[in-house]
Amino acid sequence: MASQADIQTPLGATVVAAPVTTPFVTFDNFLPLDLAQAMRAAAEAHFQQPHAHKPDTHNVWNYWYVPGLYTYLRAVPERVLGREPVTAFYEGLRRWATQYLGLANVTWPMLSLYVDGCGQGIHNDSTNGRFGYVFSLTRNDRGSRGGETIVWKEGDPFRNSLDRANAGSGLYDLVPPVFNRLVLFDDRMPHGVQRIEGSMDPLDGRLVLHGHISEGDAVVNGPLTPQTVQSILAPALDRALDAFPDTEGLHHGPLTLRLEIGPDGRLAGCRILVNRVARSDGGSTAPLVEKIVDTIKAVRFPPGGQPTLVIFPILTGGVLPMIRQQMAQQAQPQDSGHLRF
Ligand SMILES: [Fe+2]
């Protein structure tokens, strides 16, 4: 699991070291503390003086109840926390996801509150994004239990434990909603929220901003144009995938790369930011990923005279259907099926 030491947070100072390869990752102290504290203070102020609450300021919560699956309260966050800090959070997250995950499409957050009895049953969000994000404004000294994000472990829980007892954390991970922690989890992983027990006071509840991150436009900074870069990368990717005629269709998930193209057109750097390629038959994805990376490392670009930085996602299994739909509505032609530029 990566830690906050591995990837720079919006105002952090640490250099990227580890790609995101695991079902979930956590980034503690994600926001500057004063911004996280300002949002928490706004939430606490919202719940103070209950007798003074007015419909326009306080009738903002949607009690979302889906029998057997979801029980919690949802709100448009700016109505509780104020537009300015929520915008700062969203913009910081979007810049960070673009730069360090190579995934530029971030949904506006929802604000959710879980008090005693609230929780989320196990589900996936395979068509809603590549990663779910959960940013916690929950008090660390809250008077309640539960509220952890549940993320199932990879693999087959039946066949992996045929001859041995297994339970709880042997089958899934529980990620506590630590204040100012960002959790990212692979949206295809079965996940949920552990039921809250112990308090109906909203100040003791699990309070989180959450949403989804998926592929957006590539970053291309420098003299080479996105069209030029894509015209070279798309056939290279096709060549790499052609080497796996029998198994290519079994692969699914994003591989995002950060390329530093030198002034002479040669690659000066190639780093994996995210590798969440999985195979539907459980087989190893390493041969295909290595082939893609090796093929791209051998590519030559036209000389630009200056360096060009390229950050882009390769989408094995194709672009998400909702993204394809958005692109069709915006008449964006620059999609080769596995690349977003
Ligand atoms: Fe979910």
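Bear in mind that the values here come from a model prediction, so they are computed numbers and not experimental data. (Residues numbered from 1 in each chain as written. Predicted model: local features only at pLDDT ≥ 70, side-chain atom pairs only at ≥ 80, totals over all residues.)

Caption draft 1: Just the overall build of the protein, in detail. Scanning the protein for helices and strands turns up 7 helices and 17 strands. Considered along the principal axes of its C-alpha atoms, the protein spans approximately 70 × 55 × 40 Å. The buried share of the protein, reckoned over its 341 residues, is 36%. Of the contacts formed within the protein by residues at least 6 apart in sequence, a portion of 80% connects residues at least 24 apart. (Helix = DSSP H or I, 4+ residues; strand = E, 2+ residues; numbered from the N terminus. Buried ≥ 20, exposed ≤ 12 C-beta atoms within 10 Å, placed from the backbone. Contact = placed C-beta atoms within 7 Å.)

Caption draft 2: Expanded view of the packing of helix α5 (residues 226-242) against helix α6 (residues 286-297). Contact pair α5 / α6: the axes reach a minimum separation of 9 Å and the direction vectors enclose 140°. Between α5 and α6, the angle is such that the two are oblique. In terms of crossing hand, the pair formed by α5 and α6 is right-handed. Contacts between α5 and α6 involve Leu233, Ala236, Leu237, Arg239 and Ala240 from the former and Lys291, Ile292, Thr295 and Ile296 from the latter. Considering only residue class, the contact of α5 with α6 consists of 6 nonpolar, 1 polar and 2 charged. (Axes fitted to C-alpha atoms, helices over the stretch in contact; angles between N-to-C directions. Parallel < 35°, antiparallel > 145°, perpendicular 65-115°, else oblique. Left-handed = near helix turned anticlockwise from the far one by under 90°. Nonpolar A, V, L, I, M, F, W, Y, C, P; charged D, E, K, R; others polar.)

Caption draft 3: Region of interest: the domain arrangement of the protein. Per the domain assignment, the segments making up the protein are domain 1 (24-214) and domain 2 (219-329). For domain 1 and domain 2, the distance between their C-alpha centroids amounts to 31 Å. Counting residues at the interface gives 11 residues for domain 1, matched by 15 residues for domain 2. Ranked by residue count, the leading element in the side of domain 1 that touches domain 2 is helix α4 (residues 83-101), at 4 residues. (Domains from an automatic or database assignment.)

Caption draft 4: Just unusual backbone geometry, in detail. Positioned with a positive phi, Asn29 is a non-glycine residue whose angle comes to about 55°. Here Asn29 lies in the loop between β1 (24-27) and α1 (33-47). A positive phi angle, near 45°, is found at Gln49, a position not held by glycine. Within the secondary structure layout, Gln49 lies in the loop between α1 and α2 (55-58). Taking the number of C-beta atoms within 10 Å as the measure of exposure, Gln49 has 8 and is therefore exposed.

Caption draft 5: Just the pairing of strand β17 (residues 308-316), in detail. Counting buried positions over the 9 residues of β17 gives 8, a clear majority of the element. Note: strand β13 (residues 219-221) against β17, 3 bridges, orientation antiparallel. Bridge assignment links Val220 to a residue of β17, and that residue is Val310. Relative to β17, strand β14 (residues 251-261) runs antiparallel, the two being bridged by 9 bridges. Its bridge partner being in β17, Thr256 is matched across the sheet by Pro313. (Pairing = 2+ DSSP bridges.)

Caption draft 6: Geometry of α1. Compared with an ideal rise of 1.5 Å per residue, which puts 15 residues at 21 Å, α1 spans 21 Å between its outermost C-alpha atoms and is within 8% of the ideal. Looking only at α1, the buried set comprises Ala36, Met39, Arg40 and Ala43. Seen from one end, α1 has its buried residues packed into an arc of 95°, which puts them on one side. Opposite the buried face of α1, by more than 90 degrees, sit the exposed residues Asp34 and Ala45. The inward-facing, buried residues of α1 contact α3 (77-81), α4 and β12 (206-214). (Expected span 1.5 Å × (residues − 1). Arc of directions from axis to C-beta.)

Caption draft 7: Summary view of the confidence of the model for the protein. Looking at the protein, pLDDT values average 92 and 94% of them are 70 or higher. Across residues 1-7 the pLDDT falls below 50, and counting only partners more than four positions away or on other chains, this stretch makes 18 contacts in the model. Segment residues 11-16 is flagged for pLDDT under 50; beyond a separation of four residues in sequence, or across chains, it makes 8 contacts in the model. (pLDDT = per-residue confidence, 0-100.)

Caption draft 8: Structural context of the environment of Pro176. Looking at where Pro176 falls in the secondary structure, it is placed in the loop between β9 (172-175) and β10 (182-186). Residue class for Pro176 comes out partly exposed when judged on the 16 C-beta atoms lying within 10 Å of it. It is 9.5 Å that separates the C-alpha atoms of Pro176 and Asn140, two residues lying 36 residues apart in sequence.

Caption draft 9: Focus on the packing of α1 against α4. Two elements in contact, α1 and α4, have axes separated by 10 Å at closest approach and are oriented at 140°. Taken together, the axis directions place α1 and α4 in an arrangement best described as oblique. The two elements α1 and α4 cross, and the hand of that crossing is left-handed. Judged by residue contacts, Leu35, Ala38, Met39 and Ala42 of α1 engage Pro85, Ala88 and Phe89 from α4. Its residues assigned to classes, the contact of α1 with α4 comprises 7 nonpolar, no polar and no charged.

Caption draft 10: Up close: the environment of Val106. Note on placement: Val106 falls in strand β4 (residues 105-106). Assessed through the 23 C-beta atoms surrounding it within 10 Å, Val106 is described here as buried. Sequence separation between Val106 and Leu250 is 144 residues; the distance between their C-alpha atoms is 27 Å. In contact with Val106, other than residues within four places in its own chain, are Tyr90, Leu93, Arg94, Ala97, Gly211 and Ile213.

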